[in-house]
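# Inside the fold
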Amino acid sequence: MTTAARRIIEALAPHARRLDSARIADLVEADAARPHDFALRIGGLYASFARQRLDREARDALVALGEAAELPQAFRALFDGVTVNTSENRPALHVALRSALSDAAIARDAHAQAAEARVRMAELVAQLEASDVTDIVNVGIGGSDLGPRLVVDALKDFGTGRFRVHFLTNVDGSDAQHRLAKLDPAKTAAILVSKTFGTQETLLNGAVVRDWLGGSERLYAVSANVPRAEAFGVAPERVLPMWDWVGGRYSLWSAVGFSIALAVGMDGFEALLAGAADMDSHALQAPIAENLPLLHALTGVWNRNALGLATHAVLPYDERLALLPAYLQQLVMESLGKSVTPDGEAVGIDTVPVLWGGPGTNSQHSFFQALHQGTQTVPADFIGVVNPAHPHADNHAALLSNLLAQTEALANGYSAEDPQKSYPGNRPSTLFLLDRLDPRSLGALIALYEHSVYAQSVLWGINAFDQWGVELGKRIAGELMPAVQGDDVAVADPVTRALLDEIRARRAR
Ligand code: F6P
């Protein structure tokens, strides 16, 4: 077992045993100051941990665990551009895209490169605004899609209205077929976003779009591999840079967010970055006991390792954040879905929870039944927005009362004579309230999750910035492609061989 795992077990096991039969409702009742003392306010963001299944002693143990794992030092290293991504021998300097909180030359240099790229991006935004282009198609996948897609959707109240922005992602040709069918190629520009410019989905969709546009005049690219983008036919003046020191799932703050800037303007984009920078300063400087991302991370480790909870739900009570769970699936599960340390040693305790979720109140009418009465306890993050951006006051009152009701019902439960109508309760949740959803608060919220993920990786002793687990399937798919296309190539696996025979037999029946 690793040092990190032993540290977690030794710190948390006594409290897990002590609180074995504790009930959230009793913890709340026994401690009048809990609603206040288990909450934090950072700018326009309020967070309550009062409905987590832990008490003050356990929270102190979590803070001590954070100190023992040297979380503050790990954040200093992240911001200073230390090689935290050891398997790829790189720093992870996404923070340098939006804040300048380090004197290290590598971090300052990254910050300067990011600022320079933003100037170029602003020029391209201005050029497009001055053209007769009406529609933008972002072609990308994973981190080159989910972040920009989330932000463009979440900030629709702040859109300049100058462009309609679309996202083409899936290698399934029906995605391209249906998405492009509604657009006029003469009035559409496409941005091919790929850090590597080697991703199968993006290259295939990029080729479809390039043909559909009838040339590369309105083709733009964002990539760390500029020669490949140019070889694809994108003119050098329309290629914006990325760098190997930014992970794809941490990249929306770079030119990967070109589509965001086109949707909300450069001012909106800068405000998004400013919100993330607020959270960066807080994460780097606040003591652990008052540090929102670190407490969120420690609570996650408590739920995973002390309570043994295997999944985690994210439940935004705001339709504009409907894509947040999908975005966080990549951020959390690609970052923390590891079972060995950078030295190759088995971690020895559970790491990543399965993250899932959906917006309220819709989700109440689908999977909430299982949250309330299912056999598995699912800890959840609820996210609400106090001030809406619409005039429908009764709708908003209903939305907020449902949000409050659900967290209360999950925690407190309800006993009825008929067991089928009883609610066990004792289901933990964290509640986030944003004063309002705007570029700045959204930037802070996303950065909060980024920092929570990094802190969890430090606690578990794993690398949050690589993703070797996605490579094997890509390689096998590449090997199988000729066979699927009908070439007579040897396929070693007997099950795959049988499946290929079946596909061939059923083709064009
Ligand atoms: O397959 C996973 C992945 O490498 C993600 O980490 C990344 O965000 C995505 O593919 C897209 O990669 P690229 O931006 O290089 O096309």
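Residues numbered from 1 in each chain as written. Predicted model: local features only at pLDDT ≥ 70, side-chain atom pairs only at ≥ 80, totals over all residues. Heavy atoms only, no water.

### Side note on the sheet that holds strand S8 (residues 311–317)
Here is the rule: For two strands to count as paired, DSSP must find a minimum of two bridges between them. By definition, any uninterrupted DSSP run of H or I lasting at least four residues is a helix, any uninterrupted run of E lasting at least two residues is a strand, and each is numbered from the N terminus. In this analysis, axes come from line fits to C-alpha atoms, helices being fitted only over the stretch in contact, and the angle between any two N-to-C directions falls in the range 0 to 180 degrees. By definition in these notes, contact holds between two residues if any of their heavy atoms fall within 4.5 Å.
An order of S1-S2-S11-S10-S8-S9 is seen for the six strands of this open sheet, with the pairing classed as mixed. For this open sheet the edge positions go to strand S1 (39–42) and strand S9 (354–357), each flanked by a neighbour on one side alone. Strand-to-strand twist in this sheet, taken as the mean axis angle between neighbours without regard to direction, amounts to 20°. The sheet strands contacting helix H16 (residues 439–460) are strand S2 (45–48), S8, strand S10 (380–387) and strand S11 (429–436), and the helix crosses S11 at an angle near 155°.

### Here we look at the UniProt feature "active site" (unreviewed entry) in the protein
Where we set the bar: UniProt positions are given in the numbering used here, feature names are shortened, and annotations may be inferred rather than shown by experiment.
The residues that UniProt annotates with the feature "active site" (unreviewed entry) are Glu334, His365 and Lys474. Judged by maximum C-alpha separation, these annotated positions cover 141 residues in sequence and are scattered in space, the widest gap reaching 36.7 Å. Position of His365 among the secondary structure elements: in the loop between S9 and helix H14 (368–373).

### Looking at the site of the ligand
Note the threshold: It suffices for a single heavy atom of a residue to lie within 4 Å of a molecule or strand for the residue to be listed as near it. We call two N or O atoms a polar contact when they sit within 3.5 Å, provided that within protein one can donate a hydrogen and the other can accept it, with sequence-adjacent residues counted only if both atoms are side-chain atoms. Here the accessible surface of atoms and residues is derived via Shrake-Rupley with a 1.4 Å probe, and residues count as covered only by protein chains that are part of the display. The residue classification treats Ala, Val, Leu, Ile, Met, Phe, Trp, Tyr, Cys and Pro as nonpolar and Asp, Glu, Lys and Arg as charged. All others, Gly included, are polar.
What surrounds the ligand is a group of 13 residues, the closest being Gly143, Ser144, Ser194, Thr196 and Thr199. Within the backbone of Lys195, a nitrogen or oxygen atom sits 2.8 Å from an oxygen atom of the ligand. A distance of 3.2 Å is found between an oxygen atom of the ligand and a side-chain nitrogen or oxygen belonging to Gln330. Its free accessible area being 390 Å², the ligand has 88% of it covered by the protein chains. Residue composition of the shell around the ligand, by class: two nonpolar, eight polar and three charged.

### As for the packing of helix H4 (residues 56–68) against helix H12 (residues 292–306)
Basically, it comes down to this: Note on terminology: angles under 35 degrees are roughly parallel, angles over 145 are roughly antiparallel, angles of 65 to 115 are roughly perpendicular, and the others are oblique.
Where H4 contacts H12, the two axes come as close as 10 Å, and the packing angle between them is 110°. When the axes of H4 and H12 are compared, the pair comes out roughly perpendicular. Facing H4, whose interface residues are Ala58, Leu62, Val63, Leu65 and Gly66, H12 presents Leu295, Leu298 and Trp302.

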